[in-house]
Protein chains: 4
Amino acid sequence: MKKDSKRELILDAAIKVIAEKGFQYATTVEIAKRAGVAKGLIHFYFENKLDVLLSVILLFWQEINSANRKRLTQYTSPVDRLKAVFVTFQELLLRDERSLYWGKVLNEGLPQLHSIKSDSLQKKMQAIKRENKKLTNTIDTLIKEGQEQGVINAAVKPQVLRLILGGASQMLTYGMYLDLFPKGKIGFNADDVRESMDMLIDKFTTTLSVKGEI
Amino acid sequence: MKKDSKRELILDAAIKVIAEKGFQYATTVEIAKRAGVAKGLIHFYFENKLDVLLSVILLFWQEINSANRKRLTQYTSPVDRLKAVFVTFQELLLRDERSLYWGKVLNEGLPQLHSIKSDSLQKKMQAIKRENKKLTNTIDTLIKEGQEQGVINAAVKPQVLRLILGGASQMLTYGMYLDLFPKGKIGFNADDVRESMDMLIDKFTTTLSVKGEI
Amino acid sequence: MKKDSKRELILDAAIKVIAEKGFQYATTVEIAKRAGVAKGLIHFYFENKLDVLLSVILLFWQEINSANRKRLTQYTSPVDRLKAVFVTFQELLLRDERSLYWGKVLNEGLPQLHSIKSDSLQKKMQAIKRENKKLTNTIDTLIKEGQEQGVINAAVKPQVLRLILGGASQMLTYGMYLDLFPKGKIGFNADDVRESMDMLIDKFTTTLSVKGEI
Amino acid sequence: MKKDSKRELILDAAIKVIAEKGFQYATTVEIAKRAGVAKGLIHFYFENKLDVLLSVILLFWQEINSANRKRLTQYTSPVDRLKAVFVTFQELLLRDERSLYWGKVLNEGLPQLHSIKSDSLQKKMQAIKRENKKLTNTIDTLIKEGQEQGVINAAVKPQVLRLILGGASQMLTYGMYLDLFPKGKIGFNADDVRESMDMLIDKFTTTLSVKGEI
DNA sequence: GATGAATGAGCTTTCATTCAT
DNA sequence: AATGAATGAAAGCTCATTCAT
């Protein structure tokens, strides 16, 4: 940890600068300045600027999957577990200021695989996709299980429901990010986000005996 | 129309290149090449590269508000009108291939206002924000009306519901965009998107006398 | 004159724009705009932008030599004629506002001959040098005659005296040019310039009987 | 000195290229090539191309004022001190080849202050004007003192005499500059220049009890 | 490990010039 | 004669990356 402290300073600075300026407009000079290290050091710890971005993103997906692994063991019903996934997502992003920037960074499109020459970066990209797919599969599987058990509306295609929930979750979190800045006061807080996501998932479930329209 | 054909070629090319590469990686050279014009012509019709981006975005919001103005007169109930807003959104984006790119371009973060020096671009930014606000206000107002009339769940804050619907809509449309490319087959089509949005909105309404779970 | 009116408008505009911005920063767009004609018309009347500059300069030297031809016939003594040359110079430059700009344009260095490819421009350059040489020769000859007649200090090399008189004349005129602009009020006027040049020349002459140190 | 060697190489190269081509035709590529460095390095040491020009000019005026400060303590009479100012000027310019280029660079018109956006360049311009004013004031003051003591012709306005002397000095030096190039052999040398300036100043003085022609 | 001077490919932008109308 | 849309060479400048210290 002492050993890697500079590397972490760079990653921390990179998340913020990339979130604020976007990947291309985030310059190595500014990242280094924000991290309090010399410009050259970035290329000591990372292959190149893209490597920094990929490292930031991979770290996020690894953390989210790792957090999910722990949390999902606590629930058994598909609906509770589905809610838990999004709670994990929100918790990770709302943990601290730095994490909130992550939500913005993830919006940065990943570069086309074929445009990456370096082998090690190719592998890092594959790792990111694998982690990403892991979460996607988790969600889709939970939805399907819920539909088979008759507690989730079977009329909705799993991937469509995933996109609805993911889109809503992302948008609400993005709202939290904007709230960091004075201009963008949005009128709701982290608790509202959590409740709203739970409520949204409930719209697609019939966990209790029966209940209205689903 | 003949007069502005080259200008439109540039805008069309810009939408695609920006959607594929992102604004920052979209070079003027490539936009010009794709439009089949000399690169100098871009700066004849536009102040600079940013002006091209802003022009594309402004055009979109103007078209969407204009389409809404027409469509909303056809409905009276807040719920129907709310659905109509998102139908307009989907229709505009699914109209043709070019439009689909728009959804991607809109994800490009707008530059910080204070970083724009030029007066005319400042004005263009203001115009975009105005059009954007117009849509936002329309949606929020419809939700509030629905809540006052008791047909939309009053427990959800209007701006939260707007973000949920907007996020879902955007994510589903983005899925359609990915479908353009061989790799990303997503397993649902434009009709699915429309139905899903209607269904999602219905989750928050009690159009029928039945109150159900809302 | 009606025939060439547009050509003259362009030359007039060019003098001012070049004086204000310098030759390179004087754009054809601005020259055309100031002249009230279309940009393309410049290339109808002139081979290229350099041709405009050379035409402006050639015109000046032709006018000055032509004015000298007339004026010099009115005087016989070398000293009077020498003074007359500089009076012509001042008069031409102080004739009107446009002329004053000339003084500034003349400061623009002439391009290296070998960098001019076009034959016709090569010829125009030669013509300018010829006109320039004509004036130089006139001055040097007058000084030599004065020295031979014992009325001009023979200790000064003719070309040195020419440079002294030319430098002083140019500097004083340049002061008048600066006076056009609010900031540069210089505290002397056209009459002061004329008197000063006469006085300066007198310093090097013994026109009267004898008189002190010369 | 080792530290700044590249920066000085750039300044040296810039002086020459600007003198030969004029500021506007002096390209950063050529300055870099002549200095033997990469073109990017220019923008490492200087804000932009204009900054290079301003730095060159400021350096000159600082050197001239500094040299004057030392030299002027050696003389007491206004006339001797006035001559000394121009000797300093000549000496600085004739010190080595590089210095001679300075005379040409100084002829480049300074850009209009209001066209400079950058704060630091605004300050550099102010510094140049201050140094310039310092020399101007020195000369004008010496002339006035001489006039009050009755040794300099009181009929000439100080600023007019300054322009006469300055113009002559500049023109003679410019002649020396042309002598660098094969084509322009001018027939006088550095000693001629110095003597001529002394002689010119003497024309306006009555150092000896004799009043002579003044 | 850490620094920052130095590099140069690649970008946006300018603008003289052309040419169809 | 006159226009101005269109061209493209060439410029200034940025910034990821390298490397001697």
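The following paragraphs examine the structure supplied in this document. (Residues numbered from 1 in each chain as written. Chains lettered and ligands numbered in written order. Predicted model: local features only at pLDDT ≥ 70, side-chain atom pairs only at ≥ 80, totals over all residues. Heavy atoms only, no water.)

## Details of the relation of the copies chain D and chain C
Note on the identical chains: chain D maps onto chain C by a rotation of 180° and an axial translation of 0.2 Å, with an RMSD of 0.2 Å. Put plainly, the chains are arranged around a two-fold axis. The position closest to the rotation axis in chain D is occupied by the C-alpha of Gly167(D), lying 2.2 Å away. An overlap of 100% is found between the interface residues of chain D and their copies at the interface of chain C, pointing to a shared contact surface. (Least-squares fit on C-alpha atoms with pLDDT ≥ 70 in both. Contact = heavy atoms within 4.5 Å.)

## A look at the side chain of Thr88(C)
Residues and elements named next belong to chain C. Structurally, Thr 88 is set in helix α5 (residues 78-94). Using a relative accessible area of 3% as the deciding quantity, one classes Thr 88 as buried. Those residues within four positions of Thr 88 in sequence are excluded, and the remaining contacts are Ile 64, Ala 67, Asn 68 and Arg 71. (Helix = DSSP H or I, 4+ residues; strand = E, 2+ residues; numbered from the N terminus. Buried < 20%, exposed > 50% of the residue type's maximum accessible area, 1.4 Å probe, protein only.)

## Regarding the packing of helix α4 (residues 49-72) of chain D against helix α6 (residues 97-107) of chain D
All names here are of chain D. Orientation of α4 relative to α6, taken along the N-to-C sense of each, is 110°, at an axis distance of 11 Å. One element, α4, and the other, α6, form an angle in the roughly perpendicular class. Between α4 and α6 the crossing geometry is left-handed. Residues Leu 53, Val 56, Ile 57, Leu 59, Phe 60, Trp 61 and Glu 63 of α4 form the contact with α6, whose participating residues are Arg 98, Trp 102, Val 105 and Leu 106. Residue composition of the contact of α4 with α6, grouped by class: 9 nonpolar, no polar and 2 charged. (Axes fitted to C-alpha atoms, helices over the stretch in contact; angles between N-to-C directions. Parallel < 35°, antiparallel > 145°, perpendicular 65-115°, else oblique. Left-handed = near helix turned anticlockwise from the far one by under 90°. Nonpolar A, V, L, I, M, F, W, Y, C, P; charged D, E, K, R; others polar.)

## Concerning the pattern of salt bridges
Considering all chains together, one arrives at 42 salt bridges over all chains under this definition. Note that Asp202(A) and Lys83(A) form a salt bridge whose closest N and O atoms lie 2.8 Å from each other. With Asp202(A) in helix α9 (residues 190-202) and Lys83(A) in helix α5 (residues 78-94), this residue pair connects regions lying 119 residues apart in the sequence. Classification of Lys83(A) as buried rests on a relative accessible area of 16%. Of the charged contacts, one joins Asp192(C) and Lys157(D) as a salt bridge, the two residues approaching to 3.3 Å between their closest N and O atoms. Within this pair, whereas Asp192(C) is found in helix α9 (residues 190-203), its partner Lys157(D) is found in the loop between α7 (119-148) and α8 (158-178), the two belonging to separate chains. The exposure class of Asp192(C) is buried, given its relative accessible area of 17%. For Lys157(D), a relative accessible area of 36% translates into the label partly exposed. Through salt bridges with shared partners, a single network forms among Glu20(A), Lys21(A), Glu30(A) and Arg34(A). (Salt bridge = Lys/Arg side-chain N within 4 Å of Asp/Glu carboxyl O.)

## A short note on the relation of the copies chain A and chain B
Placing chain A over chain B gives an RMSD of 0.1 Å and needs a rotation angle of 180°, together with 0.1 Å of translation along the axis. Taken as a fraction of all interface residues of chain A, those also at the interface in chain B reach 90%, which identifies the copy contact as same-surface.

## Some thoughts on empty space enclosed by the protein
All names here are of chain D. In total, this model carries 1 cavity of 30 Å³ or more according to the counting rule given. If you trace the largest cavity, you find it lined by Lys 83, Phe 86, Val 87, Gln 90, Arg 194, Met 197, Asp 198 and Ile 201. Mapped onto the lining of the largest cavity, the elements with two or more residues apiece are α5 (78-94) and α9 (190-203). Of the residues contributing to the lining of the largest cavity, the split by class is 4 nonpolar, 1 polar and 3 charged. (1 Å grid on protein atoms, 1.4 Å probe; cavity = no way out; pocket = protein on both sides within 12 Å on 5 of 7 lines; lining within 4 Å. Points joined across faces, edges and corners; volume = space filled by probe spheres on them.)

## Describing the protein's contact with DNA strand E
The local shell around DNA strand E holds 32 residues, among which Thr28(C), Lys49(C), Lys39(D), Phe44(D) and Tyr45(D) are the closest. Protein-adjacent atoms of DNA strand E, using a 4 Å cutoff, are sugar or phosphate at a proportion of 65%. Measuring from a base nitrogen of DNA strand E, one finds a backbone N or O atom of Gly40(A) at 3.5 Å. Contact between DNA strand E and Ala26(B): a phosphate oxygen at 3.5 Å from a main-chain N or O atom of the residue. Listed by contribution, the elements that provide at least two residues to the surface near DNA strand E are α3 (39-45) of chain A, α2 (28-35) and α3 (39-45) of chain B, α3 (39-45) of chain C together with α3 (39-45) of chain D. (Near = heavy atom within 4 Å. Polar contact = N/O pair within 3.5 Å; in protein donor to acceptor, adjacent residues only side chain to side chain.)

## Thoughts on the interface of chain D and chain C
Tallying the contact residues gives 28 residues for chain D and 31 residues for chain C. There are 2 salt bridges connecting chain D and chain C. On the surface where chain D and chain C come into contact, there are 6 residue pairs in polar contact (both at pLDDT 80 or more). Elements supplying a minimum of two residues to the side of chain D that touches chain C: α8 and α9 of chain D.

## Let's talk about the protein's contact with DNA strand F
Among the 31 residues in the neighbourhood of DNA strand F, the closest are listed as Thr28(A), Lys49(A), Phe44(B), Tyr45(B) and Lys39(D). His43(D) is positioned such that a nitrogen or oxygen atom in its side chain is 3.1 Å from a phosphate oxygen of DNA strand F. In this structure, Lys49(D) approaches DNA strand F through a main-chain N or O atom, which is 3.0 Å from a phosphate oxygen. Secondary structure elements with two or more residues in the surface near DNA strand F: α3 of chain A, α3 of chain B, α3 of chain C together with α3 of chain D. Class assignment of the residues belonging to the surface near DNA strand F gives a composition of 12 nonpolar, 10 polar and 9 charged.

## So, the interface of chain A and chain B
Taken residue by residue, the interface counts 31 residues in chain A and 28 residues in chain B. For the pair chain A and chain B, the two sides together bury roughly 2700 Å², of which 66% comes from carbon and sulfur. It is Leu163(A), Met171(A) and Lys203(A) that lose the most area in chain A upon contact with chain B, and together they represent 22% of the buried surface on that side. Elements with a contribution of two residues or more to the side of chain A that touches chain B: α8 (158-178) and α9 of chain A. Broken down by element, the residue count for the side of chain A that touches chain B peaks at 10 residues, all from α8(A). Within the side of chain A that touches chain B, the residues separate by chemical class into 15 nonpolar, 10 polar and 6 charged. (Buried area = accessible area lost by both parts, 1.4 Å probe.)

So, to be careful, I would describe these as geometric facts and stop short of saying anything about function.
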